[in-house]
Amino acid sequence: MATDLRISNISKIYPGCVANDNVSLQFKSGKIYALLGENGAGKSTLVKILSGVISPDNGEVFLNEKNLKLSSPLDAKKNKIGMVFQHFNLFETLSVFENLSIDATEDNKSLRVRINEILKKYNFSIDLDVPVLNLSAGQKQKVEIIRCLLRSPKVLIMDEPTSVLTEQETEELFISLKKFCDEGILIIYITHKLKEVLSLCDEVAVMRKGKVVSVSQTQNEKVETLANKMVGQKLAKIKKKINISKNKDEIFKVKHLNFYSDDPFETNLVNLNFSVKKGECLGIAGISGNGQNELFQILSGEIITPDTSIIFRNKEIAKLNPKQRREYLMAFSPEDRISQAAVPELKIYENVALNNFKSSNFFEKGLVNERKIKEHSKKILSDFSVNTDNVELKSQFLSGGNLQKLILGRELITAPELLICYNPTWGLDVGAINYIHETLIKINNQEKSTILISTDTEELLKLSDRIAVIYKGKLSKIMPSEEVTPEKLGLLMGGGSID
Amino acid sequence: MSLDISFIGILIGSIMASSVPLILAASGELITERSGVLNLGVEGMMIIGAISGFALMVITDNLFIAIVGSMFSGVIISLIFGFLTQSLLTNHVATGLALTIFGIGLSAMLGKNFVGIPGKEFPILFSSLRESIPFFGPILFGHSIVLYFAFALPFLTNYFLKKTKLGLVVRAVGDSPVSASNQGINVIIVRYCCILYGGAMCGLAGAYLSLIYTPQWIENMTAGRGWIALALVVFATWSPIKVLIGALIFGGITILQLHMQAIGFRIPVQFLSALPYLMTIIVLVVISRDSRKIKLNTPTSLGRIFYKEK
């Protein structure tokens, strides 16, 4: 039976923010719908309303012309609306089977039979009796999907499902979603990743600042057109002028970088040698887990390796800790913004002060000079167009993009000679990515150097002057980026070799 | 003092009796904590149970009413905690501490007129078997019904948590209240129930002290047993069976060190008095070393305030 889901004039207002402003949309089964928007555009609010987690201030939801009252998650379940949240709604310490049985109405035996049928039908392989905390992100998501499928849903809503998945897992997910769609389940796919919309979905609704700004067929759209709709302005195309000058000074030079670890979750690094010139961006590509984490930690001084030589501005710094390296004008932007770069519970200005460099006068005689730190923080907020001017705000309330701008700002305001960043645009939306990219290019134009460790090949090709690939802890030959194509990079990242 | 076989039997019997209040209170608190609520008011709830049980016994002269009444008073006082932490979203730790202080003070006030009144003999079961079977007689028979209940409780609790649907719901709520709420479970009600159950068990533990173990009312007669029960839950890594083991070790060494003191061992008394605490912790730490199991048994959301998104 065909399913028809209609959202009519939904509004939801939070103090100081209109999350949904008169949203009306219509969905029909047999198609995959994308709901596209930047972080904070109101997508998540809308799906929370559809799944009964929050109630709208205004508006109605119709399923097959029946007006639904969705005042609790139970109502959504009863009406066969299934939802896979971005942050998994699983019980980590319970087994997979316990997770699935918690809201089941049948007895355990027949439930197990039904789960096994689903596992077989969609080719999922999950051990039902291990605790969920032992599963990978992709498997956890499958558990969530199975939980929905057990209730034979009419509508399946996926909230940014690929943000935690590897590429392989993403492909598997897309195959499953297409299968569900063929079986008549209406799929609503929430994302801010444009390519996913184009490759998976049939129709796309774009949201911006709580409003639906466009609904269209994806076949009529391109990455650029969607990006412009999402951001609301024409995005400047960024292309860096590659500057390879043979005679520039080498500002940073790494020799014999070896790292050996007993931890099976760490990658050993084998004899890495590379150098960075003044005003240059060295890109280091690779699929995550090939040693980037370890490399970043060694370059930043979190891990000290013996017998490695790191020369920076003609000084040997291999034995210095991160604080001392900062004093020599290095700066770092780690991959994990929340746990490595900033403390989410601290206020913005407190996070700024954490990075206490010698030249600043944030601390006097062991006391915190709050006024100076706040002034300094305000300057960062305005210079780096962070979306707030309240330095008292706790950092956890900043969106990913704004937090990254704050971190970059904090690092750059000391005018470092070398910035090392690891996946600086991970999980950000288009607008923020553009801003970060522009900033990184600006650094190079000011004759400062950058090392960009990234898993995003497009980003690397856009920003780097020279590129090397890291694979299983070994570094490939360093290539000028005009000689590099995405195909070549892909080959190297997969462990292949060229020429 | 001769260490003959029947004496050992009596000794074990008395160790069991002394560990009953710990088992009861800890099993109750375990359920509360498994739902993610940290109630530090165990001592307060126990002492309220002790005084209300004793007072009801004196007033009504009916032990059944006294026992049920003590559990009911435990429920009432834990309801205060539940209302504050679940409905008014106060901090679990501060509220629990307040509850203990409140309970101790209130019990002292209520108990003023009951000091010095003799208790009533509590009926014991199978008293004839106790005398007729050597060694096993004093261990297995001649105890109050509450003792038998207390020794069954950890196994019942284990069964409840591991095998029943409701137990699964309790664990789920303790693991992730947000997920549970999104799955349509009413987190607040589940937590209220667990808090009230914990209160009832603590009330019963208190009544066991004032009606059965030392049948009289003495101010502050729980003497820190509530805190021991709380510690047992944590050191037993939220496993009911290990709570039972811990309570027995604690009770056992308490009794043994008293005998050692009486015999006049040349070990400082202070050290002997500290021994039960030390040994219980050591043993429980050793038997609970499996970090994977700790992770699986620990209620992830313990002590965190949950409120529903609107």
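Residues numbered from 1 in each chain as written. Chains lettered and ligands numbered in written order. Predicted model: local features only at pLDDT ≥ 70, side-chain atom pairs only at ≥ 80, totals over all residues.

**Quick notes on helix 8 (residues 223–231) of chain A**
Residue and element names in this part refer to chain A. Here helix 8 has its buried residues at L226, A227 and M230. Along the long axis of helix 8, the arc covered by the buried residues comes to 100°, so they all point the same way. In the core, the buried residues of helix 8 are packed alongside strand 3 (32–37), helix 7 (194–200), strand 9 (203–208) and helix 15 (430–445). Downstream of helix 8 by a residue or two, G232 has a phi angle that is positive, lying close to 90°. (Buried ≥ 20, exposed ≤ 12 C-beta atoms within 10 Å, placed from the backbone. Helix = DSSP H or I, 4+ residues; strand = E, 2+ residues; numbered from the N terminus. Arc of directions from axis to C-beta. Contact = placed C-beta atoms within 7 Å.)

**Observations concerning the domain arrangement of chain A**
In many reports, interface size means the accessible area that the parts give up when they come together. Residue and element names in this part refer to chain A. Looking at chain A, the domain boundaries give domain 1 (4–231) and domain 2 (250–493). Placing the centre of domain 1 and that of domain 2 at their C-alpha centroids yields a distance of 34 Å. Taken together, the 8 residues of domain 1 in the interface contact 7 residues of domain 2. Classifying every residue of the side of domain 1 that touches domain 2 gives 3 nonpolar, 4 polar and 1 charged. (Domains from an automatic or database assignment. Nonpolar A, V, L, I, M, F, W, Y, C, P; charged D, E, K, R; others polar.)

**Some points on the pairing of strand 4 (residues 58–63) of chain A**
Residue and element names in this part refer to chain A. Looking at chain direction, strand 1 (residues 4–14) and strand 4 are connected through 5 bridges and run antiparallel. Counterpart to R6 in the pairing with strand 4 is F62. Two elements, strand 4 and strand 5 (residues 66–68), share 3 bridges in a ladder whose sense is antiparallel. Its bridge partner being in strand 5, V61 is matched across the sheet by L68. Taking the residues between adjacent antiparallel strands as the criterion, strand 4 and strand 5 are bridged by 2 residues, where N64 takes a positive phi near 50°. (Pairing = 2+ DSSP bridges.)

**Here's the deal with the environment of T100 of chain B**
Residues and elements named next belong to chain B. For T100, the location among the structural elements is in helix 4 (residues 92–111). Taking the C-alpha atoms as reference points, T100 and L284, 184 residues apart in sequence, are found 25 Å from one another. Those residues in contact with T100, other than ones at most four positions away along the chain, are L40, G41, E43, G44 and G226.

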